[in-house]
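Spelled out, the chains give:
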Amino acid sequence: MKQYLFQELLHAAHEVYSSTDALKQFAPWPSDLLYVERPVQPVPAIRQIKMWSDEHPLHTATQQVADIGDWKQTYREDEVGFGFLQDYGYLELYGPNGHFQTDQGRAYIGYWGRGLYYPWHRHEAEEIYAVVSGSGYFESEGAEAALLKTGDTRMHHSNQPHALTMTDGPILTFVLWRGAGMAGLPLMGAR
Ligand code: ZN
């Protein structure tokens, strides 16, 4: 049952990928995805995720795995504050430590709650965000800021500082990483 729900999640993510040119141009879909059992690791935000009603298939598929996901939080309380950690979390859908194992790429599903401010940060890997549901105000150094909604994408270059503010409500995103540093983690306060 658990594997079935993650297959559904992967399928819904692939539908988003196949219908979004910017994602297809960013990185190929891995050819060797293998489901692995990951520990169930909850975050407080799964309660918000499950209560947030939206029809998008990747949104509902994420809700289906909310209670069985290996949720991660890259940051510590002294970096982002207590509130941030209550309202945020992400899953590694595929990648070196993902629910589907591969070394060909890395994909996340990330959630940030209403009113949250994700401060300036950077990472070596190149990144593209696709908004699944909700909206967020995306800022990145050297580029015009923009409020992005369902279907919109935004790319961040290697070590390009960026920030995200949830102005109108929460946001659910599908995120791909590529290139050097793909196995690394985001670093805070590096503007
Ligand atoms: Zn990033």
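Here the structure is shown first, and the text comes after it.
Residues numbered from 1 in each chain as written. Predicted model: local features only at pLDDT ≥ 70, side-chain atom pairs only at ≥ 80, totals over all residues. Heavy atoms only, no water.

Moving on, we get to empty space enclosed by the protein. Within the structure shown, the criterion is met by one cavity of 30 Å³ or more. Roughly 170 Å³ of volume is contained in the largest cavity. Lining the largest cavity are 16 residues, with Y90, Y108, Y118, E127 and P186 positioned closest to its centre. Mapped by element, the contributors of at least two residues to the lining of the largest cavity are β2 (88-95), β4 (106-112), β5 (117-122), β6 (126-140) and β10 (171-178). The biggest single contributor to the lining of the largest cavity is β4, with three residues. Residue composition of the lining of the largest cavity, by class: ten nonpolar, five polar and one charged. (1 Å grid on protein atoms, 1.4 Å probe; cavity = no way out; pocket = protein on both sides within 12 Å on 5 of 7 lines; lining within 4 Å. Points joined across faces, edges and corners; volume = space filled by probe spheres on them. Helix = DSSP H or I, 4+ residues; strand = E, 2+ residues; numbered from the N terminus. Nonpolar A, V, L, I, M, F, W, Y, C, P; charged D, E, K, R; others polar.)

Two residues of an α-helix separated by three or four positions point the same way, owing to the 3.6 residues in each turn. When we look at burial in helix α4 (residues 57-65), the residues that qualify are L58, H59, A61, T62, Q63 and V65. Each element contacted by the buried residues of α4 is listed here: α1 (2-18), α3 (46-51), β2, β4, β6 and β10. (Buried < 20%, exposed > 50% of the residue type's maximum accessible area, 1.4 Å probe, protein only. Contact = heavy atoms within 4.5 Å.)

Further remarks concern the coordination of the zinc ion. Here the zinc ion is held by H123 (NE2), E127 (OE), E127 (OE) and H162 (NE2), and the distances to it run 2.1 to 2.6 Å. Every donor residue of the zinc ion comes from the same chain, spaced as H-x3-E-x34-H. The exposure class of H123 is buried, given its relative accessible area of 2%. (Donors = N, O, S within 2.8 Å, 3.2 Å for Na, K, Ca; no water.)

Turning our eyes to something else, we now look at the nonpolar core. The biggest cluster of nonpolar side chains holds 37 residues, and the ones touching the most others in it are L9, L23, L58, L93, Y94, F174 and L176. Counting only elements with at least two residues in this core, the list comes to α1, α2 (21-26), α3, α4, β2, β4, β6 and β10. Of all the elements, α1 adds the most residues to this core, at eight residues. In contact with L93, not counting residues within four places along its chain, are L9, L10, A13, G98, H99, F100, A107, Y108 and F174. By size, the runner-up hydrophobic cluster in this structure holds 21 residues, among which are L85, Y108, L116 and Y129. (Core = buried A, V, L, I, M, F, W, Y, C linked by side-chain atoms within 4.5 Å.)

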